[in-house]
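Observations on chain architecture
What follows is the residue order along each chain.
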Amino acid sequence: MPDRRPSRGTVVHCYSRGVSTLATAPNRGTPEPAGEVPPSGARRLGLTADLVVGVALATGFGLIVFAATGGSDLTPNTWVEIALIAIGAGCGLAVILLGARGRAWGAVTVALFGALAALTYASIAWSVQPADSWVEANRTLSYLAAFGAALALARLAPYRWPALVWAVGTVAVVTCGYALLAKVFPATIDAADHYGRLLVPFSYWNATGLMAALGLPACLWAGARPGVSRWLRGLTVPAIAVLVTVVMLSYSRGALIAGAIGLGCWFVLVPFRLRATLLLALGAIGGAIATIWALAHHAVTHSSATMAARTTEGHEFGVVLLGVVAVMAIAGLTAAYGIERIEVAEPVRRRIGTALLVCLAIVPVVGIAGVAASSRGLTGEISHVWHELTSPTAAQPGNNAARLADLGNSRPLYWSEGLKVGEHALLAGAGAGGFDTARTRYSSSTDAVAHAHSYLIETFADFGLIGLALSFALFGAWALAVGRTFGIGPGRRARAPGDATAAGPGFTTPTNGAVTPDYAGVANGATHA
């Protein structure tokens, strides 16, 4: 493959020239892979390749989502793990046989991941529960295979990265649409679910909410970038409305935080900020309408409602969702038409950008002023918040929308138990998955808690200081690779897509349940989508 990287001093054209944006893109922004806009024939060929690869990836991710579900059923998860390991081995062999010669970018990252997987298998020898350690070891091996496969694909098809983003966005929207359908047709899809929060298809609300958060940047990218059809750009608005609705109705505070971080990173790194703000605002309005209606109807969003009430109000909720999607589609198509026809002058763009930034900067100022004016005062309120976030005895929130504004949670209790388990076996821990068994020595709770709800504390409990050292080394190698890819650091420049393999996968996926870095390892999003 010829070297298509732009040389130093070369003017790199980024997507198109008439771009509405809040500010000039940073110098380290990633350029269009081909540099120049390709001829129409080459462009059609590239779009066809993206479509084929995107459909294949979306199909694979979708099969994993609906086959593995929450990751707790051993039989389907075993087959998913076998498939991922086979795919990873095949991709690795393909790189050896077909990959271009050159420096093995990413080898150190993969080697450290492999060392973590080896430690997981080795821990079976000293585990307090070897059966659980065997399950976790096989799961970690499948994570390693997915991570390696992503790195291999980045070498074999470096210019097909849009297909990955399309696949992630598509699967996220389909998964969230299915989660909402479970509320519309509760007796058909999930009759055993008595919770008000969204559970399917992962059987865990945080995973469902995080899937929605994962899809938001992908949908923004699909709608904001030039060169896409008006119809596709317009459809991103109802897609965003569906994702926002799922984030809110999952009642997951972690999903809200992950969504905010993901969108923040997108707006920092991608130059199409003004048009993205428009699409996000329209989609958020649609999501707010659906969410407000659902919260006003007890049977849809509260636990332990009768099946008759859930079915009746669920059908009404379906009508509301159809109306929101239809209206948002019209609004999205109208916005897409405006984006194509209206070109905002540079001074106007900058004034709009300044106004938006000022409004954003006012938010924390108003929040601090409100806290300072409270009965506890600023320092007293900070102490209260810290106590609620870290106290094992703090009041626990219910499974309703009020938990989104509640600081109390059960994590401090799990963290305290995890630290005690790790301190008992300081060097090598209690073995992979050993927290669940070892914690009973320090807890009188009868609740089933399989994980410490923190990757670092879970790693300390299961693998001790050795596991923490490997994890920090793996994260450091990955972070350095990301910096090299984006040209961050003195004397560095952004690498072309063909070299952007040091970081392994293009991005990682915040997930939960059996597929979360918090619970089961440094998992790539391809593992359980």
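Scroll up for the structure.
Now for a look at the structure at hand. A quick note: this is a predicted structure, and the numbers were derived from the prediction, not measured. (Residues numbered from 1 in each chain as written. Predicted model: local features only at pLDDT ≥ 70, side-chain atom pairs only at ≥ 80, totals over all residues. Heavy atoms only, no water.)

1. Some details on the environment of Tyr195
With respect to the helices and strands, Tyr195 occurs in the loop between α6 (186-189) and α7 (205-224). Assessed through its relative accessible area of 30%, Tyr195 is described here as partly exposed. C-alpha separation for the pair Tyr195 and His302, spaced 107 residues apart in sequence, amounts to 6.6 Å. In this structure, Tyr195 is in contact with Lys183, Trp205, His302, Ser303 and Asn399, ignoring residues within four places of it in sequence. (Helix = DSSP H or I, 4+ residues; strand = E, 2+ residues; numbered from the N terminus. Buried < 20%, exposed > 50% of the residue type's maximum accessible area, 1.4 Å probe, protein only. Contact = heavy atoms within 4.5 Å.)

2. Quick look at the nonpolar core
Grouped together as the largest cluster of nonpolar side chains are 58 residues, with contacts concentrated most on Leu180, Leu220, Trp266 and Phe317. Looking at this core, the elements with two or more residues in it are α1 (40-68), α5 (161-184), α7, α8 (230-249), α9 (253-269), α10 (273-295) and α12 (307-341). Considering each element in turn, this core owes the most residues, 13 residues, to α7. Not counting residues within four places of it along the chain, the set of residues in contact with Leu220 comprises Ile240, Leu263, Trp266, Phe267, Ala276 and Leu280. In terms of nonpolar packing, the next biggest core, distinct from the first, is built from 14 residues, Leu112, Phe113, Ala117 and Phe463 among them. (Core = buried A, V, L, I, M, F, W, Y, C linked by side-chain atoms within 4.5 Å.)

3. Let's talk about the side chain of Asp50
Within the secondary structure, Asp50 sits in helix α1. A distance of 2.5 Å separates the side chain of Asp50 from the side chain of Arg160, its partner in a polar contact. Among residues more than four places away in sequence, those in contact with Asp50 are Tyr159, Arg160, Pro162 and Ala163. (Polar contact = N/O pair within 3.5 Å; in protein donor to acceptor, adjacent residues only side chain to side chain.)

4. Considering the packing of aromatic side chains
Applying the stated criterion across every chain yields a total of ten aromatic pairs. With centroids separated by 5.1 Å and ring planes inclined at 70°, the aromatic side chains of Trp166 and Trp221 adopt a geometry described as edge-to-face. With Trp166 in helix α5 and Trp221 in helix α7, this residue pair connects regions lying 55 residues apart in the sequence. Residue Trp166 is classed as partly exposed on the basis of its relative accessible area of 25%. A ring pair is formed by Tyr204 and Trp205, whose centres lie 6.2 Å apart and whose planes are at 40°; its orientation type is tilted. For the residue pair Tyr204 and Trp205, the accessibility class agrees, reading buried in each case. These aromatic residues form a ring-pair network of at least three members: Trp161, Trp166 and Trp221. A cation sits over an aromatic face here: Arg103 above Trp105, 4.4 Å from the ring centre. (Phe/Tyr/Trp six-rings, centres within 6.5 Å; stacked < 30°, edge-to-face > 60°. Lys NZ or Arg CZ within 6 Å of the ring centre and 35° of its normal.)

5. Digging into the pattern of salt bridges
Summed over the entire model, instances satisfying the criterion amount to seven salt bridges. The partner of Arg160 in a salt bridge is Asp50, and the shortest N-O contact between them spans 2.5 Å. Here Arg160 is found in the loop between α4 (130-156) and α5, whereas its partner Asp50 is found in helix α1, with 110 residues between them in sequence. When its relative accessible area of 23% is taken as the criterion, Arg160 is described as partly exposed. Among the ionic pairs, Glu417 bridges to Arg439, the shortest N-O distance being 2.9 Å. Here Arg439 lies in the loop between α16 (435-438) and α17 (455-486) and Glu417 lies in helix α15 (residues 411-424), a separation of 22 residues in the sequence. The exposure classification of Glu417 matches that of Arg439, with both residues buried. (Salt bridge = Lys/Arg side-chain N within 4 Å of Asp/Glu carboxyl O.)

6. Considerations on the state of the cysteines
This structure, assessed with the given rule, holds zero disulfides. Free of any disulfide, Cys176 has its nearest neighbouring cysteine sulfur in Cys219, separated by 9.1 Å. With relative accessibility at 0%, the residue Cys176 sits in the buried group. (Disulfide = S-S within 2.5 Å.)

7. Some details on unusual backbone geometry
Geometrically, the link from Val200 to Pro201 is a cis peptide bond, its omega value of 0° lying close to zero. Here Pro201 is to be found in the loop between α6 and α7. We note that Ser203 has phi near 60°; this positive angle belongs to a residue other than glycine. Looking at where Ser203 falls in the secondary structure, it is placed in the loop between α6 and α7. Positive phi outside glycine occurs at Tyr251, with the angle close to 55°. By the element assignment, Tyr251 lies in the loop between α8 and α9.

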